[in-house]
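# Notes for the structure review
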Amino acid sequence: LQQELQALRTLPAVTPDGVKVEVAANIGRSKDALPAVEAGANGVGLFRTEFLFLDRTTPPSEEEQFEAYSTVLKAFAGKTVIVRTLDIGGDKSIPYLSLEHEDNPFLGLRGIRLCLAEKHQPLFRTQVRALLRAAEHNPASLWIMYPMICDSRELRQARAFVAETEAMLLAEGILKNPVSNKIRQGIMIETPAAALLVDVLSKDADFFSIGTNDLSQYTLASDRMNANLVELHRPFHPAVMRSIAQIITTAHKYNRWIGMCGEMAGNPRACKFLLGVGLDEFSMEVNSLNAVKQIIRSTTRGEAQEIVQRVLAAESADEIEQILL
Ligand code: PEP
Ligand code: MG
């Protein structure tokens with residue numbers, strides 16, 4: 001079996017009746033890039049850049065970030081690399097940021113909210129400068145993704161910030177040519193607000209990726225780490241499954257590419273459902289790639305769609321777990 005899974009590495013993620021999807025890697029460090037290529041990832045679906053900022057006393061310099069982003073882009077030469085901008089908040093203690101105490105840090109200044117707050121903009125500026133510079137040789141490979149977006153206003157602010165940063169780099173002569181017109185800019189769908197606004201957000205977002213970890217935490221109003229809430233916080237809660245189906249269907253209605261980089265994308269049990277609703281990309285920890293690919297390669301569109309019908313009609317997480325055995 002191990003050998004069979006190994007052989008899958010180089011085979012495409014395509015169903016027996018020809019539905020082709022992408023399987024991509026979630027990474028946290030630039031050194032994770034080459035092993036992900038070797039494991040057969042078609043690209044990076046989520047580069048969690050916050051790891052560059054944690055466990056240190058000063059923020060990473062523009063040069064250090066430039067190196068990290070360049071390394072990943074180089075490892076995946078010509079393939080898509082989705083880099084998520086810094087997603088941190090008051091739950092982390094980061095000495096050089098002097099974050100204010102918040103009673104509800106997961107409902108506070110987190111992700112894009114923190115990056116766009118005036119006080120923290122210099123931090124975001126450095127990250128965006130490094131990203132634009134790293135993209136110079138192959139801008140079409142870099143897709144920038146904003147976390148924790150709730151509405152178009154935030155997304156437009158983020159895009160304006162990128163445009164302004166690019167103008168600075170061009171004026172300084174550091175960038176020779178504009179790159180932002182070739183870089184795709186998209187968002188995580190991980191708040192219920194974004195889930196309900198996919199049609200509106202598609203006007204300003206080039207692509208979407210569903211973050212099921214936060215989407216379920218916020219949809220179920222239950223802390224994803226709270227051990228007392230495991231009965232409620234089930235991976236296949238019907239509210240979450242319906243939300244996911246609606247997000248994907250709406251994104252496609254508005255001609256937007258949509259991936260998933262939350263844990264559900266790497267769960268083999270969820271695979272047929274996600275395939276059936278038409279997910280374009282599954283991004284996960286590298287050691288899940290082969291198992292997910294194997295299911296994709298043995299599931300027909302019809303079988304997947306039948307699972308979707310049954311899941312969407314189910315009334316409880318128990319019932320859905322039975323369907324997705
Ligand atoms: C998510 O919320 O599903 C996600 C992928 O982001 P993170 O787990 O880093 O919050
Ligand atoms: Mg998240």
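Here the structure is a predicted model, which means the values were calculated and not measured.

Looking now at the environment of Ala239. Tracing the backbone shows Ala239 in helix H10 (residues 238-253). According to the C-beta neighbour criterion, Ala239 is exposed, with 12 such atoms within 10 Å. Through-space distance from the C-alpha of Ala239 to that of Leu220 is 8.0 Å; in sequence the pair is 19 residues apart.

The subject of this paragraph is the packing of helix H3 (residues 62-75) against helix H5 (residues 121-134). Look at H3 against H5: their axes get within 8 Å of each other, and the N-to-C directions meet at 40 degrees. The orientation of H3 with respect to H5, classified from their angle, is oblique. Both H3 and H5 take part in a crossing whose hand is right-handed. Only Thr126, Gln127, Arg129, Ala130, Leu131, Arg133 and Ala134 of H5 make contact with H3, whose side of the interface consists of Glu62, Gln65, Phe66, Tyr69, Ser70 and Leu73. For the contact of H3 with H5, a count of residues per class yields 6 nonpolar, 4 polar and 3 charged.

Let's shift gears to the UniProt feature "binding site: Mg(2+)" (unreviewed entry) in the protein chain. The UniProt feature table records "binding site: Mg(2+)" (unreviewed entry) at Glu190 and Asp214. These annotated residues cover 25 residues of sequence, and their C-alpha atoms lie no more than 5.3 Å from one another, placing them together at a single site. When the 27 C-beta atoms within 10 Å are taken as the criterion, Glu190 is described as buried. When near neighbours in sequence (up to four residues on either side) are disregarded, Glu190 contacts Met148, Gly211, Asp214 and Leu215.

The next subject is the environment of Val83. When you line up the elements, Val83 lands in strand E3 (residues 81-84). According to the C-beta neighbour criterion, Val83 is buried, with 24 such atoms within 10 Å. In this structure, the C-alpha to C-alpha distance between Val83 and Ile27, residues 56 residues apart in sequence, is 9.5 Å. Other than its neighbours up to four places away in sequence, Val83 contacts Phe47, Thr49, Tyr69, Leu131, Leu142, Ile144 and Met145.

Here we take up the pairing of strand E5 (residues 184-189). Each regular strand carries side chains that alternate between the two faces of the sheet. The pairing of strand E4 (residues 142-146) with E5 spans 4 bridges and is classified as parallel. Of the residues in E5, the one forming a bridge with Met145 is Gly186. Since E4 and E5 lie parallel, the crossover through helix H6 (residues 152-171) that links them has a hand, and here it is right-handed. One ladder, built from 3 bridges, connects E5 with strand E6 (residues 207-210); its direction is parallel. The partner of Met188 across the bridge, within E6, is Ser209.

The next thing to look at is the site of ligand 1. Near ligand 1, the surroundings consist of Leu46, Arg48, Asp87, Glu190, Gly211, Thr212, Asn213, Asp214, Cys261 and Gly262. Elements represented by at least two residues in the shell around ligand 1 include exactly strand E2 (44-48) and helix H9 (212-219). Broken down by element, the shell around ligand 1 gets its largest block of residues, 3 residues, from H9. Here the shell around ligand 1 is built from residues that sort into 2 nonpolar, 4 polar and 4 charged.

Once that is clear, we can look at the nonpolar core. Burial of nonpolar side chains together is a common tendency in soluble globular proteins. In terms of nonpolar packing, the biggest core is built from 93 residues, with Val44, Val72, Val81, Leu131, Ile187 and Ile189 touching the most fellow members. By residue number, the principal contributor to this core is H5, which donates 7 residues. Among residues more than four places away in sequence, those in contact with Leu131 are Tyr69, Val83, Leu142 and Ile144.

Let us look at unusual backbone geometry. Although it is not a glycine, Met148 sits at a positive phi angle of roughly 65 degrees. Examined against the element boundaries, Met148 turns out to sit in the loop between E4 and H6. A count of 25 C-beta atoms within 10 Å places Met148 in the buried class. With phi around 55 degrees, Asn255 is a residue other than glycine that occupies positive phi space. Checked against the element boundaries, Asn255 lands in the loop between H10 and strand E7 (257-260).

What follows concerns the packing of H5 against H6. Look at H5 against H6: their axes get within 10 Å of each other, and the N-to-C directions meet at 65 degrees. Viewed along their axes, H5 and H6 adopt a mutual orientation that is roughly perpendicular. Judged by the twist between their axes, the crossing of H5 over H6 is right-handed. For the pair H5 and H6, the contacting residues are Phe124, Arg125, Val128, Arg129, Leu132 and Arg133 in the first and Phe161, Val162, Thr165, Glu166 and Leu169 in the second. Along the lines of polarity and charge, the residues of the contact of H5 with H6 split into 6 nonpolar, 1 polar and 4 charged.

Conventions adopted
Residues numbered from 1 in each chain as written. Chains lettered and ligands numbered in written order. Predicted model: local features only at pLDDT ≥ 70, side-chain atom pairs only at ≥ 80, totals over all residues. Helix = DSSP H or I, 4+ residues; strand = E, 2+ residues; numbered from the N terminus. Buried ≥ 20, exposed ≤ 12 C-beta atoms within 10 Å, placed from the backbone. Axes fitted to C-alpha atoms, helices over the stretch in contact; angles between N-to-C directions. Parallel < 35°, antiparallel > 145°, perpendicular 65-115°, else oblique. Left-handed = near helix turned anticlockwise from the far one by under 90°. Contact = placed C-beta atoms within 7 Å. Nonpolar A, V, L, I, M, F, W, Y, C, P; charged D, E, K, R; others polar. UniProt positions renumbered as here; feature names shortened; annotations may be inferred. Pairing = 2+ DSSP bridges. Right-handed = clockwise from strand over helix to strand, strands pointing away. Near = placed C-beta within 6 Å. Core = buried A, V, L, I, M, F, W, Y, C linked by C-beta atoms within 7 Å.

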